[in-house]
Amino acid sequence: MTKRICSILFLLLLSGSGYLSLAVQAQPAPEHNLQFSFLAQKWDEAMPLGNGMLGALVWQKQGRLRLSLDRADLWDERKALDLSKFNFADVQRWVQTKKYDSAHRLGDAPYNQSPYPTKLPAAATEFDIDALGKVVSNVLDIRTALNTVTFSSGVIFKCYIHATKNAGYFSFENLPAKKIESLSRQLTPQLVVHNYANGNNIVDKDRGPDAQGLQKLGYKKGTVTRTGTLISYRQPTYGGHYYDVRIQWNVLPGNKIAGSWAIGNDQPAPQAAQPDNTGTWAAHVNWWKQFWAKSSIRIPDALIEKQYYLEMYKLGAASRPDAPAITLQAVWTADNGSLPPWKGDFHNDLNTQLSYWPVYTGNHLAEGESFINWLWNQRSRNKTYTKQYFGVEGLNTPGVATIKGDPMGGWIQYSLSPTVVAWCAQHFYWHWKYSMDEQFLKAKAYTYITEGATYLQNITRLVNGVRMLPLSSSPEYNDNRIDAWFTSWSNFDLALAKFLFTAASEVAAAVGKGTEASHWRQLLNQLPGYEVNETGFTVAPGQNLNSSHRHMSPYMAVYPLGLLDYNNPADQVNIKNSLQRIEKIGTRGWCGYSFSWMASLYARAYEADKAVQQLQIFASNFCSPNSFHLNGDQKGGQYSGFTYRPFTLEGNFAFAQGVHELLLQSRNGYIEVFPAVPASWKNVAFSNLRTEGAFIVSAKKEAGSLSAITIRAEKGGVLNIRLPFENWRCKGISRQAFTAKPNGVFSATLKKGQVIVINQ
């Protein structure tokens with residue numbers, strides 16, 4: 001029997017056992033859809049549609065069906081922060097002399113007082129639905145990214161944004177034949193433009209007294225042109241820039257009105273092909289089919305499972321390799337007449353990084369490329385910023401940035417932090433480790449990581465043989481006060497420095513630069529140890545965590561950096577003490593993303609029930625009905641003192657990774673299946689999740705017992721796996737091929753494409 005026939009029979013065997021078919025059977029189900037019997041009355045409760053570049057929110061405003069239209073790269077890039085007026089050396093002097101007013105005036109005030117730089121909303125289109133009767137069903141099918149609204153009259157409204165084209169589509173179907181003429185007039189799309197045209201500050205009352213209206217941008221009034229069944233709109237912005245919106249529609253046979261919309265940035269909006277039931281729609285559905293085929297999960301908690309699939313849907317709607325990185329709101333900019341919360345910018349002190357957490361284990365590396373490509377394209381600009389502000393060569397990244405990567409200021413401890421590049425570099429490292437793409441390693445990961453490490457070497461200094469950072473902070477401890485700065489390493493900054501030098505050494509060795517790898521290890525060994533005491537990890541030397549705090553920054557070494565391992569006895573003590581300290585202080589100072597992050601921390605400590613509780617609290621208390629993360633506790637402060645509702649996405653995507661951490665972990669060079677699944681979860685399964693080393697893993701737990709683990713080596717290499725059972729057997733490779741290591745880890749070398757099944 002040939003090897004090929006043996007391989008085919010083996011794959012058929014796996015398919016018959018259910019492990020390969022799991023990917024087909026375990027796709028999003030109807031119960032995971034957003035389903036209502038009404039249209040949302042607020043923009044942040046709307047049905048979200050997107051393709052990474054275009055976005056839409058479907059809701060009802062003042063009795064009209066409204067589509068809020070958005071494009072990811074619409075920005076006002078006028079500068080408010082002037083870094084020619086101060087630098088990092090000035091900040092050090094202000095802290096030393098306790099004269100910090102200049103920091104607020106030069107670093108913070110421009111962000112707070114100027115309406116720009118900012119993300120811009122595009123426009124909206126509305127339909128008069130008064131004659132269609134009551135809404136009886138409003139469904140977002142996340143499998144196909146199609147929103148369907150059914151009215152009591154029998155009329156059906158459908159809309160979607162094409163997965164790969166610069167176009168959104170809408171239709172009204174099943175129109176009464178006798179009323180088609182009158183309804184076609186009534187359902188004519190109306191273009192609604194934003195009021196950019198004066199300097200007043202008119203804002204939605206829900207945004208609070210500190211909100212800034214779009215009017216403060218002071219643009220000239222845009223031009224709307226209507227010709228037959230075509231509406232075009234050109235909005236001047238600043239410095240000769242503009243954006244263009246195009247809406248077109250037709251009355252079609254079969255009592256149907258169908259149309260499309262598109263947005264152009266500094267160019268006319270393209271003319272979109274009309275929707276049909278073959279090519280256009282089929283290509284869209286096929287993209288989403290491939291997206292969902294990448295991986296799947298099944299867990300016995302309906303609340304968490306639905307929220308998970310909605311998060312993964314938003315990932316597919318918000319990210320493409322050639323689109324800008326995910327901002328605070330991605331392609332769903334606020335539609336309330338105000339600037340978006342925190343100007344819809346790129347917060348690299350937490351938000352962008354958390355937004356891409358689930359792409360690696362979730363086997364969606366392509367979606368993660370938008371962040372990597374965005375950072376890569378800014379390298380030259382960021383190097384200029386590094387030299388200007390920090391006064392050294394190398395690469396650092398602004399903590400709060402525009403779409404082009406320019407610094408925006410704000411709380412300068414974080415918006416101009418000295419260690420931002422290390423957290424950004426982790427995504428280059430992760431992409432390499434989860435893909436094992438040698439070309440990516442050589443072309444991008446090695447360069448970005450070592451340029452960041454070079455900067456960090458240059459900005460630190462040796463004091464009595466110990467490498468020190470001139471000033472340190474821990475987001476967002478002590479907020480924006482002078483005492484938010486520490487003259488010794490915070491555990492946040494220290495963990496990032498340890499990670500960056502570790503990663504630099506690893507990538508240098510991987511590309512054959514042994515001397516350079518040794519250099520980075522030498523710098524790593526010059527860093528001090530973490531600051532710990534009976535409370536676990538402190539914020540900084542002499543500063544315990546003494547109050548409930550939203551940012552898990554002191555625990556970066558545990559997650560996401562994974563420098564510490566609960567299976568190491570010394571690490572275990574500090575992790576346990578830290579978790580107990582957090583529990584003692586409570587959650588009153590937390591935002592929604594805090595619970596998502598905490599789920600991963602608990603999962604790394606094998607605290608399964610507590611991890612699940614964090615996910616349940618997030619989904620039930622901190623999300624809008626459409627699943628958007630609203631930061632504050634929406635049940636009147638049950639768990640948090642924050643009860644406001646600014647929408648940002650990082651909590652959503654960190655939630656999805658929290659689910660992944662229950663099911664599959666990559667840590668310290670080995671992988672672990674079902675590391676933090678509650679004992680009460682008797683039936684659990686996942687298909688095609690990804691680990692470091694480019695291994696694709698599926699597993700199933702039935703009636704409380706782990707029945708099998710299927711592993712495919714995408715690139716080949718050493719598999720280190722911690723197994724949950726002592727007596728086990730293997731198909732596809734002999735048991736004798738594995739070498740036993742400490743802590744229940746077994747190691748074997750797999751060939752490229754090799755598939756194995758491990759079971760009891």
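One can find the structure itself at the top, above this paragraph.
This write-up is about the structure you can find in this document. Everything quoted here is computed from the prediction, not taken from an experiment.

Some points on helix α18 (residues 592-604)
Each full turn of the α-helix corresponds to 3.6 residues, which orients residues three or four apart in the same direction. With 13 of its 13 residues buried, α18 lies for the most part within the structure. Note on α18: the residue one or two positions beyond its end, Tyr606, has a positive phi of about 60°.

Remarks on the side chain of Thr237
Mapped onto the elements of the fold, Thr237 is located in the loop between β14 (230-236) and β15 (242-252). The class of Thr237 is buried, set by a relative accessible area of 14%.

What to know about the packing of α18 against helix α19 (residues 608-621)
Packing of α18 against α19 brings their axes to within 8 Å, and their N-to-C directions diverge by 165°. Taken together, the axes of α18 and α19 lie roughly antiparallel to each other. The crossing of α18 and α19 is left-handed. Of the residues in α19, those in contact with Gly592, Tyr593, Phe595, Ser596, Met598, Ala599, Tyr602 and Ala603 of α18 are Lys610, Ala611, Gln614, Leu615, Ile617 and Phe618.

A look at the sheet that holds strand β11 (residues 168-173)
The pairing of strands in a sheet happens through backbone hydrogen bonds and is either parallel or antiparallel. Sheet architecture is open: nine strands sit in the order β1-β8-β9-β10-β11-β16-β15-β14-β13, paired in antiparallel fashion. Of all strands in the sheet, those bounded by a partner on one side alone are β1 (34-36) and β13 (223-227). Each neighbouring strand pair of the sheet contributes to a mean axis angle of 10°, computed without reference to strand direction. The strands that helix α6 (residues 279-293) touches are β9 (146-151), β10 (156-161) and β11; relative to β10, the one it contacts most, it runs at about 65°.

Here's the deal with the pairing of strand β27 (residues 695-702)
Counting buried positions along β27 yields seven of eight residues, so the element is predominantly enclosed. The pairing of strand β26 (residues 684-691) with β27 spans six bridges and is classified as antiparallel. Each residue of the ladder has a partner; that of Arg690, found in β27, is Ile696. From the end of β26 to the start of β27, which pair antiparallel, there are three residues, and Gly693 there has a positive phi angle of about 90°. Here β27 pairs with strand β28 (residues 705-713) via eight bridges, running antiparallel. Considered in β28, the bridge of Ser698 is made with Thr710.

Brief notes about the packing of aromatic side chains
On inspection of all chains with the given rule, the structure shows 56 aromatic pairs. Ring geometry for Tyr196 against Tyr219: centres 5.0 Å apart, planes inclined by 45°, an arrangement best described as tilted. Of this pair, Tyr196 sits in the loop between β12 (190-192) and β13 while Tyr219 is found in the loop between β12 and β13, placing the two residues 23 residues apart along the sequence. Each member of the pair, Tyr196 together with Tyr219, is buried.

Overview of the environment of Leu74
Structurally, Leu74 is set in the loop between β4 (64-71) and β5 (75-76). By relative accessible area, Leu74 is classed as buried at 2%. Apart from residues no more than four positions distant in its own chain, Leu74 is found in contact with Thr118, Lys119, Leu120, Ala122, Tyr243, Ile263 and Asn265.

Some thoughts on the pattern of salt bridges
Per the stated rule, a full pass over the model turns up 27 salt bridges. The partner of Lys383 in a salt bridge is Glu451, with the nearest N and O atoms 2.8 Å apart. Within this pair, whereas Lys383 is found in helix α11 (residues 379-390), its partner Glu451 is found in helix α14 (residues 438-459), the two being separated by 68 residues in sequence. Judged by relative accessible area, Lys383 falls into the partly exposed class, the value being 29%. The network of salt bridges with common partners includes Asp44, Glu45 and Arg645.

Rules used in this analysis
- Residues take numbers from 1 onward in each chain, read along the sequence in its written order.
- Per-residue local features of the predicted model are confined to residues with pLDDT of at least 70, and side-chain atom pairs are confined, for both listing and counting, to 80 or more; whole-chain, interface and lining totals are unaffected and use all residues.
- Note that water and hydrogens are dropped before the side-chain values are worked out from all heavy atoms of the structure.
- Only protein chains enter the accessibility calculation, which uses a 1.4 Å probe. A residue is then buried if its area is under 20% of the maximum for its type, exposed if over 50%, and partly exposed in between.
- Only runs of H or I of at least four residues qualify as helices and only runs of E of at least two qualify as strands under DSSP, and these elements are numbered from the N terminus.
- Helix axes are fitted only over the stretch in contact, all axes being lines through C-alpha atoms; the angle between N-to-C directions runs from 0 to 180 degrees.
- The cut-offs work like this: below 35 degrees is roughly parallel, past 145 is roughly antiparallel, 65 to 115 is roughly perpendicular, and the gaps in between are oblique.
- Crossing chirality is assigned from the near helix's rotation relative to the far helix, an anticlockwise turn below a right angle marking it left-handed and a clockwise turn marking it right-handed.
- Should any heavy atoms of two residues lie within 4.5 Å, those residues are counted as being in contact.
- Here the rule is simple: two strands pair whenever DSSP picks up at least two bridges between them.
- Under the pairing criterion, centres of Phe, Tyr and Trp rings, with the six-membered ring standing for Trp, must be within 6.5 Å; the plane angle then separates stacked pairs below 30 degrees from edge-to-face pairs above 60, leaving the rest tilted.
- In the sections that follow, a salt bridge refers to a side-chain nitrogen of Lys or Arg positioned within 4 Å of a carboxyl oxygen of Asp or Glu.

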